Protein chains: 2
Amino acid sequence: MDGSTPISFMPSCPAVPAGAPIACDRCPTRAASLCRLLDRRDLERLFPHGPRVQLCRAGTMLFRQGEPVQSVFILKSGWIATYKLFENGQRQIIRFALPGDLLGFEGSEAAGMTCSAEAITDVALCRIRHSLFFRVCTASPQLAMSYAGTLTREVLSAWNHLGAVGQQPALGRVANLLLDLHRRVTALEALPDSAPHGVHDGIRDGIMDDIAVPAVHLPISQIHIADATGLTSVHVCRTLKQMRAMDLLDFQKGRLVLLDPDRLAEIAQLDPDRPVGALPPPAPWAVA
Amino acid sequence: MDGSTPISFMPSCPAVPAGAPIACDRCPTRAASLCRLLDRRDLERLFPHGPRVQLCRAGTMLFRQGEPVQSVFILKSGWIATYKLFENGQRQIIRFALPGDLLGFEGSEAAGMTCSAEAITDVALCRIRHSLFFRVCTASPQLAMSYAGTLTREVLSAWNHLGAVGQQPALGRVANLLLDLHRRVTALEALPDSAPHGVHDGIRDGIMDDIAVPAVHLPISQIHIADATGLTSVHVCRTLKQMRAMDLLDFQKGRLVLLDPDRLAEIAQLDPDRPVGALPPPAPWAVA
DNA sequence: CGAAGCCTTGATAGCGGTCAATGTTTGTGG
DNA sequence: CCACAAACATTGACCGCTATCAAGGCTTCG
């Protein structure tokens, strides 16, 4: 591969013009511990010609259920949904990937990819061939354990999701999902050099609280919520209406405002905080 | 720690009398790739005084939701269920751990354990302190990647489970679960030196098939199935009855017979095969 | 301005939950 | 060996949460 050759593996994915390569310590978001742990040697092995970023438009399929395993992706900006399709035409959204998250490990040699991935917004991501990624991981225990940490967080998240979908009524499921997304978006925005993905308005509401209630932007529709929670969009609409009436939260046009976080947390029964960026200590070079 | 000191971290867990320590390459089951990859040096670090096995009675809690993270367990024999409890008293079984499976990574420093684990049958397991486990993994990239492989399989399993619970009706959920367990038990029994955990009867049924239909033993109740699938035990009972009437499968008193695997697979829409023991190439010493 | 996609709302129906009673199995102690 | 209790399985009656169907409104975009 030549450093000046633009990568283009999908028609609707215009490659970034191969100019100044975007180094990973200039990563717009550092949510993924991977980003924190990749040292220069790792980087050189992963990106022999400098890391490059691909851009994809909203709606692009990054991979499809059943395809052979090929690449892992580090999401740099934008949102991606992974989901399973069923024969009756329904789909289950498995997870929402946010900037810093890792994708492409949702398969095995034997079975191929078990999910499809679709860009919800325009996205930018780094693509790494599986073979290369695993070779580098195998050579760097720190990186391997960082990868393991990422996987662990995905498992915990999946189990939380499973608990909500399996045992909670509509109200709890929606609360669980929105609270989780809110937490993640907020954590992203708190990162030092993050691009402003969310809208902070500092709205004050009727609640007798001395702190402003911030609104965050979630680029998802009620249909996404429905497919993620195992409900129908019609019922999600009714549930959101109910939550508004209960002064729990307000979600309209992608604007989420938590009106009563405490009561919401009780309803959602979300796992306690999993700090997004705090788990592994940052590598020495990343501290500077 | 002295090699002759029996480990006893739970009242109802009689420690194995410290006799000949059970080496990991004598592992009764080798489902976990971890077991395959642990080389002698790893073993010595993990078990400075020789690996030992603890026995626990059915019903023992191995860890509880909210507890601080302490130990990792490699299950040697028996079944364990991990689950989340909700405030309304319901529980969601997250997964069934079978011999060879790894437990104890279901938490983080920040949040503690996010699940509880209870022995369904009498079990035997190796306990490893977290700090030690991660130290050894960090020192051995192969082991770290093996750990990552285990985590990946857990993620894929969780996502499959999530898809079933989120989008499939009762029939599909039960089919999905039983098919998955059947596959795993069968894979275990196929291992060279596995203890006979299942009952092979080679029953021939009305189906015009030239191979006998084997029955496997699943040590779970309809209540377990209900808690895992997000149904009630009453409805699981009805669903099993229906499946019997449809000549799909027969599950009674822990005896599972698949009568029509093809139709079942279609109903379950389970992910394609994830070979349990086949993923990582066995370490050289394990081949002998 | 028309089309497409999403949101909203109402009416109706069904899957699966709840409640309750009974049967079956297993284990324990007399 | 029997009595009894506990846990699980089974069945029926009834109900509620959520799906389905359908129609109309709102935005966005070409």
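Per an unreviewed UniProt entry, chain A is named Crp/Fnr family transcriptional regulator, and its organism is Azospirillum thiophilum.

Novice: Where do I start with the protein's contact with DNA strand C in this structure?
Specialist: Lining the immediate environment of DNA strand C, one finds 16 residues, of which Gln222 and Arg238 of chain A together with Ala170, Leu231 and Thr232 of chain B sit closest. Glutamine 222 of chain A is positioned such that a nitrogen or oxygen atom in its side chain is 2.4 Å from a phosphate oxygen of DNA strand C. At 2.7 Å, a side-chain N or O of arginine 238 of chain A approaches a base nitrogen of DNA strand C. Among the elements of the structure, helix H6 (222-229) and helix H7 (233-245) of chain A together with helix H7 (233-245) of chain B are those that each provide at least two residues to the surface near DNA strand C. The dominant element in the surface near DNA strand C, judged by the number of residues it contributes, is H7 of chain A, at 4 residues. In terms of residue class, the surface near DNA strand C is built from 7 nonpolar, 5 polar and 4 charged.

Novice: Could you clarify how one ought to interpret the pattern of salt bridges in this entry?
Specialist: A side chain of one charge can pair with a side chain of the opposite charge when the charged atoms of the two come close. Scanning the entire structure with this criterion turns up 16 salt bridges over all chains. We note a salt bridge from lysine 84 of chain A to aspartate 271 of chain B, for which the minimum N-O separation is 2.9 Å. Of this pair, lysine 84 of chain A sits in strand S4 (residues 80-85) while aspartate 271 of chain B sits in the loop between helix H8 (261-268) and helix H9 (284-287), placing the two residues on different chains. The two residues lysine 84 of chain A and aspartate 271 of chain B agree in class, both being buried. A salt bridge links arginine 95 of chain B to glutamate 154 of chain B; the nearest nitrogen and oxygen atoms lie 2.9 Å apart. With arginine 95 of chain B in strand S5 (residues 91-97) and glutamate 154 of chain B in helix H4 (residues 141-167), the pair connects residues that are 59 residues apart, well separated along the chain.

Novice: What exactly am I supposed to notice about the interface of chain B and chain A here?
Specialist: Where interface size is quoted, it is often the accessible area lost as the parts come together. Counting residues at the interface gives 49 residues for chain B, matched by 49 residues for chain A. Between chain B and chain A the total buried area reaches about 4300 Å² when both faces are included, carbon and sulfur atoms providing 70% of it. The interface formed by chain B and chain A holds 10 residue pairs in polar contact (both at pLDDT 80 or more) in total. Counting only elements with at least two residues in the side of chain B that touches chain A, the list comes to strand S4 (80-85), S5, helix H3 (130-139) and H4 of chain B. The dominant element in the side of chain B that touches chain A, judged by the number of residues it contributes, is H4 of chain B, at 20 residues. Tallied by class, the residues present in the side of chain B that touches chain A amount to 24 nonpolar, 15 polar and 10 charged.

Novice: Please clarify how the environment of glutamine 92 of chain B should be interpreted in this entry.
Specialist: Relative to the assigned elements, glutamine 92 of chain B resides in strand S5. Sequence-distant contacts of glutamine 92 of chain B, that is, excluding residues within four places in its chain, are made with Leu162, Gly163, Gly166 and Gln167 of chain A together with Thr82, Tyr83, Lys84, Phe86, His161, Asp227, Ala228 and Gly230 of chain B. Side-chain polar atoms of glutamine 92 of chain B contact the backbone oxygen of aspartate 227 of chain B, separated by 3.4 Å.

What counts as what
- Residues numbered from 1 in each chain as written.
- Chains lettered and ligands numbered in written order.
- Predicted model: local features only at pLDDT ≥ 70, side-chain atom pairs only at ≥ 80, totals over all residues.
- Heavy atoms only, no water.
- Near = heavy atom within 4 Å.
- Polar contact = N/O pair within 3.5 Å; in protein donor to acceptor, adjacent residues only side chain to side chain.
- Helix = DSSP H or I, 4+ residues; strand = E, 2+ residues; numbered from the N terminus.
- Nonpolar A, V, L, I, M, F, W, Y, C, P; charged D, E, K, R; others polar.
- Salt bridge = Lys/Arg side-chain N within 4 Å of Asp/Glu carboxyl O.
- Buried < 20%, exposed > 50% of the residue type's maximum accessible area, 1.4 Å probe, protein only.
- Contact = heavy atoms within 4.5 Å.
- Buried area = accessible area lost by both parts, 1.4 Å probe.

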